[in-house]
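Structural characterization, general
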Amino acid sequence: QLVSALHNLTRHVVYRGLTRAEDILSLFPENFHQNLKNLLTKIILENISAWRNEAQASQISLPRLVDMDWRVDVKTSSDSIIRMAVPTCLLQLKIQEDAALCGNNPVVSALTVELSKETLDTMLEGLGRIRDQLSAVANK
Amino acid sequence: SQQFSALTEVLFRFLTEPKEVERFLTQLSDFATMNKISLGPLKNIVKSILLVPNGALKRNLSSEQVRADFIALGLSEEKASYFAEQWKVNSPTLTRLAVGQTLMINQLIDMEWKFGVTAGSSELEKVGSIFLQLKLVIKKGSQLENVYVELTLPQFYSFLHEMERVKASLESFS
């Protein structure tokens, strides 16, 4: 019962985003032991930002990008042309499935994608547009 | 020789648009009727003629080599030169088509995005964090697959930076 009450208290503080000692102290009932109340508040305040970050990290989400690697190859030959020199890009994305579903054992999968120069140019155009939109929002 | 140039035109139109098989066959049969040749033998001749440009493409032959090949096969100099000329004109398109057919693994076809703000969740009443969601359309074999992935803003800027480095690398090899 004690653990459950503590759990509810901390969850409530994290949920409401309380950051001031007065706000937390006001949650306790009137006749609560003074020193214990202060001690608990102090401990909660110390941990609050770590708990909030963790809550945000384990939020439900689409699969998240964890890492990214790339490599440029030059294709020199194929069954349709015996001699050529065509550069191509291999992009590997490490993607973590929904953190909320995986609990403590996140499932990370690696996806390797090939991009031609044309595809890359188009993608960069798109990414540039995203960057412009982000700047516009930031400057508002 | 006007016949020959008309036939050459039909052939190259097919070579540059290999998916238009119906149109090619219709044009061949029109040609046969107009010139009072029977379609069967015409088809056989066309099949043999087509072997030359296809082989030339595979082996990156120059137009002089194509011309020499045709003369060796018994075509008149005039017709061989004409064909070689057409070959020269069309070879950039044909080469691009052949390169396009080269094997690609999990080719990225398209990319869509949206970004938004997480306003709240069951754990946190007010959040206010921006995220970017990408949808990548990938060709796996003959099927298209959608991959959804979420990026934080720092990840996005890092991704953009890396892709610019890739572009510089690809350009240095072109």
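Residues numbered from 1 in each chain as written. Chains lettered and ligands numbered in written order. Predicted model: local features only at pLDDT ≥ 70, side-chain atom pairs only at ≥ 80, totals over all residues. Heavy atoms only, no water.

Naming follows an unreviewed UniProt entry, where chain B appears as COMD7 protein of Sclerurus mexicanus.

The name given to chain A in an unreviewed UniProt entry is COMD9 protein, with the source organism recorded as Sclerurus mexicanus.

For the rest of this paragraph, the subject is the overall build of chain B. Counting its regular elements, chain B contains six helices and three strands. Along chain B, helices and strands appear, N-terminal first, in the series α-α-α-α-α-β-β-β-α. Taking 16 Å as the expected radius of gyration for a compact globule of 174 residues, we find that chain B reaches 26 Å, considerably beyond that expectation. Dimensions of chain B, computed from the C-alpha atoms along their principal axes, are close to 85 × 35 × 25 Å. Here chain B holds 174 residues, and the buried ones make up 37% of them. Look at the contacts in chain B between residues 6 or more apart in sequence, and 42% of them connect residues 24 or more apart. For chain B, the centre of its 19 positive side-chain charges and the centre of its 19 negative side-chain charges are spaced 6 Å apart. (Helix = DSSP H or I, 4+ residues; strand = E, 2+ residues; numbered from the N terminus. Rg over C-alpha atoms; globule rule 2.2 N^0.38 Å. Buried < 20%, exposed > 50% of the residue type's maximum accessible area, 1.4 Å probe, protein only. Contact = heavy atoms within 4.5 Å. Lys, Arg positive; Asp, Glu negative; His and termini not counted. Charge placed at Lys NZ, Arg CZ, Asp CG, Glu CD.)

The next subject is the interface of chain B and chain A. Residue-level contacts link 54 residues of chain B with 52 residues of chain A. Together chain B and chain A conceal approximately 5100 Å² of surface at their shared face, both sides included; 70% is due to carbon and sulfur atoms. There are four salt bridges connecting chain B and chain A. One salt bridge in this structure joins Asp 121 of chain A and Lys 167 of chain B, with 3.1 Å as the shortest N-O distance. Put simply, the parts of the chain that give the side of chain B that touches chain A at least two residues each are α3 (39–58), α5 (77–100), β1 (107–118), β2 (129–140), β3 (143–152) and α6 (153–173) of chain B. It is α6 of chain B that contributes the most residues to the side of chain B that touches chain A, 16 residues altogether. Among the residues forming the side of chain B that touches chain A, the class breakdown is 28 nonpolar, 14 polar and 12 charged. (Buried area = accessible area lost by both parts, 1.4 Å probe. Salt bridge = Lys/Arg side-chain N within 4 Å of Asp/Glu carboxyl O. Nonpolar A, V, L, I, M, F, W, Y, C, P; charged D, E, K, R; others polar.)

With that settled, consider the domain arrangement of chain B. If you check the domain split of chain B, you get domain 1 (1–103) and domain 2 (106–173). Relative placement of domain 1 of chain B and domain 2 of chain B: their C-alpha centres are 45 Å apart. (Domains from an automatic or database assignment.)

This part takes up α5 of chain B. All names here are of chain B. The end-to-end C-alpha separation of α5 is 33 Å, in line with the 34 Å expected for 24 residues at 1.5 Å each. Among the residues of α5, Ala 80, Phe 83, Ala 84, Trp 87, Asn 90, Ser 91, Leu 94 and Ala 98 are the ones counted as buried. Buried residues along α5 sit in contact with α1 (2–16), α3 and α4 (63–72). (Expected span 1.5 Å × (residues − 1).)

A word on the confidence of the model for chain B. When pLDDT is averaged along chain B, the result is 84; 99% of the residues meet or exceed 70. For this predicted complex, the interface score ipTM comes out at 0.73, alongside a pTM of 0.71. (pLDDT = per-residue confidence, 0-100.)

This next bit is on the layout of surface pockets. Volume-wise, the largest pocket comes out at about 490 Å³. Along the walls of the largest pocket sit 21 residues, with Val 86, Ser 116 and Glu 118 of chain A together with Val 99 and Gly 100 of chain B positioned nearest its centre. Counting only elements with at least two residues in the lining of the largest pocket, the list comes to β2 (86–96) and α5 (117–138) of chain A together with α5 of chain B. Residue classes in the lining of the largest pocket are distributed as seven nonpolar, nine polar and five charged. (1 Å grid on protein atoms, 1.4 Å probe; cavity = no way out; pocket = protein on both sides within 12 Å on 5 of 7 lines; lining within 4 Å. Points joined across faces, edges and corners; volume = space filled by probe spheres on them.)

Before going further, it helps to spend a moment on the pairing of β2 of chain A. Residues and elements named next belong to chain A. With eight of 11 residues buried, β2 is to be regarded as a mostly interior element. Summarising the sheet, strand β1 (residues 64–75) and β2 pair through 11 bridges and their orientation is antiparallel. Note that in β2 the partner of Met 68 across the bridge is Leu 93. With eight bridges connecting them, β2 and strand β3 (residues 108–115) associate as antiparallel partners. Each bridged residue has a counterpart across the sheet, and for Leu 91 the counterpart in β3 is Val 113. (Pairing = 2+ DSSP bridges.)

What follows concerns empty space enclosed by the protein. If you roll a probe as big as a water molecule over the atoms, it shows you where there is empty space left. Under the criterion given, the structure shown has one cavity of 30 Å³ or more. Space inside the largest cavity adds up to approximately 40 Å³. What lines the largest cavity is Leu 65 and Leu 93 of chain A together with Leu 134, Leu 136, Val 149, Leu 151 and Phe 159 of chain B. Residue assignment for the lining of the largest cavity shows that the elements contributing at least two residues are β2 and β3 of chain B.

Moving on to helix α3 (residues 34–57) of chain A. Residue and element names in this part refer to chain A. For α3, with 24 residues, the first-to-last C-alpha span of 34 Å sits near the 34 Å given by 1.5 Å per residue. In α3, a bend of some 45° at Asn 47 exceeds every other bend along the element. Those residues of α3 that fall on the buried side of the exposure criterion are Lys 37, Leu 40, Thr 41, Ile 44, Ile 48 and Ala 55. Its buried side turned inward, α3 meets α1 (2–16) and α2 (21–25). (Bend = angle between axes of the 7 residues up to and from the residue.)

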